[in-house]
Amino acid sequence: MAESPASLTMQEQAHEDIIITNPNVVGEGKSKDLSTDVLTDSGDVSPGKQEDKPTAKVPILNRIKGVSLFVFASILASTYGGFVKYMDTLPSGEVVLVTCSYAACLIGLFISFQGHSVISFPRKKWVFLRCALASTALPCKVWSVQNMPLGNATALIFTSPIMTCVLARVVLKEKINLFHVFAIVVGLTGIILIARPSFIFPSEEAEDYPLWYNIVPLITALSLSCAYVCQRYIGTAVNCLVVTFYGLVCQSLAGILLQAATQSSYVNPSCYTFRVMLLCLCFTQATSTLSVNKGLSYEKATTASLIRNLDTVLAFLLQVVVFKEAAESLSLIGAALIMIGTISLTLSKMFGVDCGVQL
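Bear in mind the structure is a predicted one, so any value in this text is a computation, not a measurement.

Let's shift gears to the pattern of salt bridges. Scanning all chains against the criterion turns up three salt bridges. Glu328 is paired through a salt bridge with Arg196; the nearest N and O atoms lie 3.1 Å apart. You can see Glu328 sitting in the loop between α12 (310–321) and α13 (329–351) and its partner Arg196 sitting in the loop between α7 (178–195) and α8 (215–234), a full 132 residues away along the chain. Asp311 serves as the salt-bridge partner of Arg308, at 2.8 Å between the closest nitrogen and oxygen. For Arg308, a relative accessible area of 14% corresponds to the buried category.

Shown next as structure tokens:
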């Protein structure tokens, strides 16, 4: 018995409804959109380009995990900087090479124990782009600190949250709210007050340097921002241990290039304390990088970059408490501003408050 045109139309409509509502069914000529923000079975967020579509809301616990990992990474990064400052007799390239290569071996052991593959994994181009960007940022940052006034280099490097905010909005379609804007403004103000760059606070003792030197710390900031966006796009598609392993390997190569560029000879640390510190730096570097990569599977790239402003505050406290440097009033005000911006952003993430305004 022939079916009527009306019944055929109803069947075709029902078939289209199944295709639209069932994410496991992909119709002919249609591709499954993997770019939207979805929750995996483990509760992690697999991010990509976030379109203006109704998606599952990220659980509060995941937001707390992401923020906690970024704060932990800031503590480790500041500790790393303190150790490096103490071991100033060792060449910078040697410190980077030794710590990153040993850290890569440590992460490699974890990968072998868990049975992850370092050869067969998706989004290889994004993984290697993320590693290359992070490895570009490292030598540029060291060069900036060595060849520019510390305040100028620090202020320019920490323009990274602004770049991350713009890139994440354009590439990943991440929404930003008033808490993000507030954290960016007070965070950058706080960093300027702590670093006191000579182009804002001129003084007779300010060191003169070529204008093009300012490009290098800006390259550092841009590389860090792009690396965060890449890692956010990778999400949970690639195990964070694998990404961390390749990142440390690339940074080890960057250490070799830095050592060659500065024409420094390798120094054998005869002091037992230095050897112990190098081992501690290996663990610190591995854990810090892993924390950032894992945290970006839970939280937005803009949030991660803003919370990492804590690096400046913790480094300032380390200078005052450990290295007994005098604390000036402007530096204390700057540290307080960064803390206010970071805490407000953290609380907004934990309680899901966005002021009702999103850009």
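Glancing now at a nonpolar patch on the surface. A cluster of nonpolar side chains, namely Leu106, Leu109, Phe110, Phe113 and Phe283, defines an oily patch on the protein surface of about 550 Å² accessible area. With four residues, helix α3 (residues 92–114) is the single largest residue contributor to the nonpolar patch. Along the polypeptide, Phe110 turns up in helix α3.

Take the confidence of the model for the chain next. Taken as a whole, the chain shows an average pLDDT of 79; of its residues, 81% reach a score of 70 or greater. Ranking the elements of the chain by mean pLDDT puts strand β1 (residues 38–39) last with 41 and α8 first with 92. Here residues 1–45 is modelled with pLDDT under 50, and outside its nearest four sequence neighbours on either side it reaches 45 contacts, counting other chains as well. Contacts from residues 48–55, a stretch scored under 50 in pLDDT, to residues over four places away or in other chains number 21 contacts.

By secondary structure assignment, the location of Tyr86 is in helix α2 (residues 60–86). Taking the C-alpha atoms as reference points, Tyr86 and Met277, 191 residues apart in sequence, are found 9.5 Å from one another.

This part takes up the packing of helix α5 (residues 150–157) against α8. In contact at an axis separation of 8 Å, α5 and α8 are set at 35° when each is read in the N-to-C sense. For α5 against α8, the interelement crossing comes out right-handed. Residue-level contacts link Ala153, Leu156 and Ile157 of α5 to Pro217, Leu218, Thr220 and Ala221 of α8. Of the residues in the contact of α5 with α8, the class split is six nonpolar, one polar and no charged.

The next thing to look at is α13. Over its 23 residues, α13 runs 33 Å from end to end, which matches the ideal 33 Å to within 8%, given 1.5 Å per residue. Buried within α13 we find Ser331, Gly334, Ala335, Ile338, Gly341, Thr342, Ser344, Leu345, Thr346, Ser348 and Lys349. Against α2, α7, α11 (301–307) and α12 lie the buried residues of α13.

A few words now on the packing of aromatic side chains. One pass over the full model with this rule turns up eight aromatic pairs. Both rings, one in Phe245 and one in Tyr246, keep their centres 5.4 Å apart while their planes meet at 75°; by these two values the pair is edge-to-face. Counting every residue linked through ring pairs, the aromatic cluster contains Phe121, Phe128, Phe245 and Tyr246. Its end group placed over the ring of Tyr233, Arg123 keeps NZ or CZ at 4.8 Å from the ring centre. When the ring centre of Phe121 is taken as origin, the NZ or CZ atom of Lys124, which lies over that ring, is 4.9 Å away.

Put simply, α5 and α7 touch, their axes get as near as 9 Å, and they point 170° apart. One way to sum up the angle between α5 and α7 is to call them roughly antiparallel. From α5, Gly151, Thr154 and Ala155 reach across to α7, where they touch Leu188, Ile191 and Ala195.

How each quantity is defined
Residues numbered from 1 in each chain as written. Predicted model: local features only at pLDDT ≥ 70, side-chain atom pairs only at ≥ 80, totals over all residues. Heavy atoms only, no water. Salt bridge = Lys/Arg side-chain N within 4 Å of Asp/Glu carboxyl O. Helix = DSSP H or I, 4+ residues; strand = E, 2+ residues; numbered from the N terminus. Buried < 20%, exposed > 50% of the residue type's maximum accessible area, 1.4 Å probe, protein only. Patch = residues over 30% accessible without salt bridge, like charges linked within 9 Å, V, L, I, M, F, W, Y side chains within 5 Å. Areas by Shrake-Rupley, 256 points an atom, 1.4 Å probe, with all protein chains shown as cover. pLDDT = per-residue confidence, 0-100. Contact = heavy atoms within 4.5 Å. Axes fitted to C-alpha atoms, helices over the stretch in contact; angles between N-to-C directions. Left-handed = near helix turned anticlockwise from the far one by under 90°. Nonpolar A, V, L, I, M, F, W, Y, C, P; charged D, E, K, R; others polar. Expected span 1.5 Å × (residues − 1). Phe/Tyr/Trp six-rings, centres within 6.5 Å; stacked < 30°, edge-to-face > 60°. Lys NZ or Arg CZ within 6 Å of the ring centre and 35° of its normal. Parallel < 35°, antiparallel > 145°, perpendicular 65-115°, else oblique.

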